[in-house]
Amino acid sequence: VQLQASGGGLVQAGGSLRLSCAASGCTFSGYDMGWFRQAPGKGREFVAAIIWNGGTTDYSGSVQGRFTISRDNAKNTLYLQMNSLKPEDTAVYSCAASLGYGLRRTPSHYSYWGQGTQVTVSS
């Protein structure tokens, strides 16, 4: 399973970005997916998760109402729409794939990881 995240960049506070995660080498629709982020000097933090068919999602409290996770199984792609961005959202964002665990917030439940894309929000 290969995951390639993209779409990061520099944006002003209050702005928006959409991250994408392209999957290959797997039956994408068979995997539950998640987004995590890691800020400098901090541990990996759960952001959002979505089950294999997109029917159920989960968000951390810090992004609830601002971020939306979605997927297109026909395109083997996971998305994260980020609105009303704040400087504290600055981090490297990574996508991850989990098989058989459902919605999980713990990194150890995810078997495959993308390389991450940098998101920087200026104040």
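Residues numbered from 1 in each chain as written. Predicted model: local features only at pLDDT ≥ 70, side-chain atom pairs only at ≥ 80, totals over all residues. Heavy atoms only, no water.

Brief notes about the state of the cysteines
For clarity, the cut-off: Throughout, disulfides are identified as pairs of cysteine sulfur atoms within 2.5 Å of each other. Counting from the N terminus, the helices are the DSSP runs of H or I reaching at least four residues and the strands are the DSSP runs of E reaching at least two. Residue burial is assigned from relative accessible area. The probe radius is 1.4 Å, only protein chains are included, and a residue is buried under 20% of its type maximum, exposed over 50%, and partly exposed in between.
Applying the stated criterion across every chain, the model contains one disulfide. The disulfide partner of Cys21 is Cys95, and the gap between their sulfur atoms is 2.1 Å. When the S-S torsion is 70 degrees, as for the bridge of Cys21 with Cys95, the disulfide is right-handed. One end of the pair, Cys21, is in strand β3 (residues 17-24); the other, Cys95, is in strand β9 (residues 91-98), and 74 residues separate them in sequence. Using a relative accessible area of 0% as the deciding quantity, one classes Cys21 as buried. The structure places no disulfide on Cys26, whose sulfur is separated from the nearest cysteine sulfur, that of Cys21, by 9.3 Å.

Observations regarding unusual backbone geometry
Here Asn76, not a glycine, exhibits a phi torsion of approximately 55 degrees, which is positive. A residue is classified by how much of its surface remains accessible, and Asn76, at 28% relative accessible area, is partly exposed.

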